[in-house]
Amino acid sequence: YELWAWEQGVQATGYVVNAPGEAAPLRLSAGWSHPVEQAREATRAAIDRRVADTRIAGVLAALVVGDQSAIERADWDVFRATGVAHLMSISGLHVTLFAWLAGHVAGALWRRSARLMFMCPAQHAGLAGGVLLAAGYALFSGWGVPAQRTVCMLAAVGMLGGSGLRWPWPAVWLGACAVVVALDPWALTQAGFWLSSVAVGVLFATDAGAAAGSRGMKAAVGRMLREQVVLTFALAPLGLLLFQQLSLVGLLANVLAIPWVTLLVMPLALLGTLFAPLWDLASWATQVLMLVLRPLAA
């Protein structure tokens, strides 16, 4: 546990005891020294008030503010048995998707100003905006180690891409990994670093030229299925080595859960911070997901 705490940058721990028969804790004052933590706590409380089902509220809280302790143990067992536990936390997939969407929005807004276009190309502005907004999202979601690692990778890839040179994928991949390890040497001891790095490397290696073929919805679905099959078999030995377990239904569960969570549940949960009724739709989408995952877990 001490090693894990050291890897996570936790230098001290503590807890509050509220013994039976004693007065409930009182809030003595409110300040602005921790605005991010206060915003995360307010969002967590708002989710609890809006979503009646505490188990579903816990999943949404994990996706929005990174509070994984809100997910009940029985649900964690379902996620682990089906191999989709990586979707129920602020993972690199979520941060990267957020950066991609934010980059497109920032680039589109940048193109509306001729003056800004003369100052900086929209592609570079969108890339920088996507990385910065993704860093803000990672900060709001708790600034966990996987999120930090992803932001570092995105920034490294962005700088390489913005240099005007055409870098081969091994150089981009190794450069991003080197930046992460330079900033956090303890990343080498964490399973998440190896899983995410190998996954990105495998996608780079197997996707070279694959996206240059046919386009359209059918082609996109075909590429997604192909990538999921490749990742499942490529990461299986690493999963057995690190966790001594392998989900036999992981391929099917991820093919169904990744687009559902990434394209529906996650956006609705995040937009709910701006318009609370969207949390009702996110709750419904999560319930549908659980109806599929529970039989697979069994």
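Residues numbered from 1 in each chain as written. Predicted model: local features only at pLDDT ≥ 70, side-chain atom pairs only at ≥ 80, totals over all residues. Heavy atoms only, no water.

### Examining the overall build of the chain
- Looking only at helices and strands, one finds 13 helices and zero strands in the chain.
- Along its sequence from the N terminus, the chain presents helices and strands in the succession α-α-α-α-α-α-α-α-α-α-α-α-α.
- The dimensions of the chain, computed from C-alpha atoms along their principal axes, are 70 × 50 × 40 Å.
- Across the chain, the fraction of contacts at a sequence separation of at least 24, relative to all contacts at a separation of at least 6, is 64%.
- As displayed, the chain has an accessible area near 17900 Å², and 68% of this comes from carbon and sulfur atoms.
- Each charge class in the chain can be summarised by its mean position, and for the 18 positive and 15 negative side chains these summaries are 14 Å apart. (Helix = DSSP H or I, 4+ residues; strand = E, 2+ residues; numbered from the N terminus. Contact = heavy atoms within 4.5 Å. Areas by Shrake-Rupley, 256 points an atom, 1.4 Å probe, with all protein chains shown as cover. Lys, Arg positive; Asp, Glu negative; His and termini not counted. Charge placed at Lys NZ, Arg CZ, Asp CG, Glu CD.)

### Brief notes about unusual backbone geometry
- The phi angle at Q244 is positive, at roughly 55°, despite the residue not being glycine.
- Position of Q244 among the secondary structure elements: in the loop between α11 (217–243) and α12 (250–271).

### Topic: the nonpolar core
- In terms of nonpolar packing, the biggest core is built from 44 residues, with F79 and M88 touching the most fellow members.
- Going through the elements one at a time, α2 (35–50), α3 (54–65), α4 (73–82), α5 (92–110), α7 (122–140), α8 (145–161), α12 and α13 (278–297) are the ones with two or more residues in this core.
- Setting aside anything within four residues of it in sequence, one finds M88 in contact with V59, A62, L63, Q68, I71, W76, F79, V261 and L289.
- C152, M153, A156 and A176 belong to the second-largest nonpolar core, a separate cluster that totals eight residues. (Core = buried A, V, L, I, M, F, W, Y, C linked by side-chain atoms within 4.5 Å. Buried < 20%, exposed > 50% of the residue type's maximum accessible area, 1.4 Å probe, protein only.)

### Describing α11
- By the largest-angle criterion, A236 marks the main kink of α11, which is about 40°, and a proline, P237, follows within four residues.
- Of the positions making up α11, those classed as buried are A219, Q228, L231, A236, L238 and G239.
- On its buried face, α11 sits against α10 (191–206) and α12. (Bend = angle between axes of the 7 residues up to and from the residue.)

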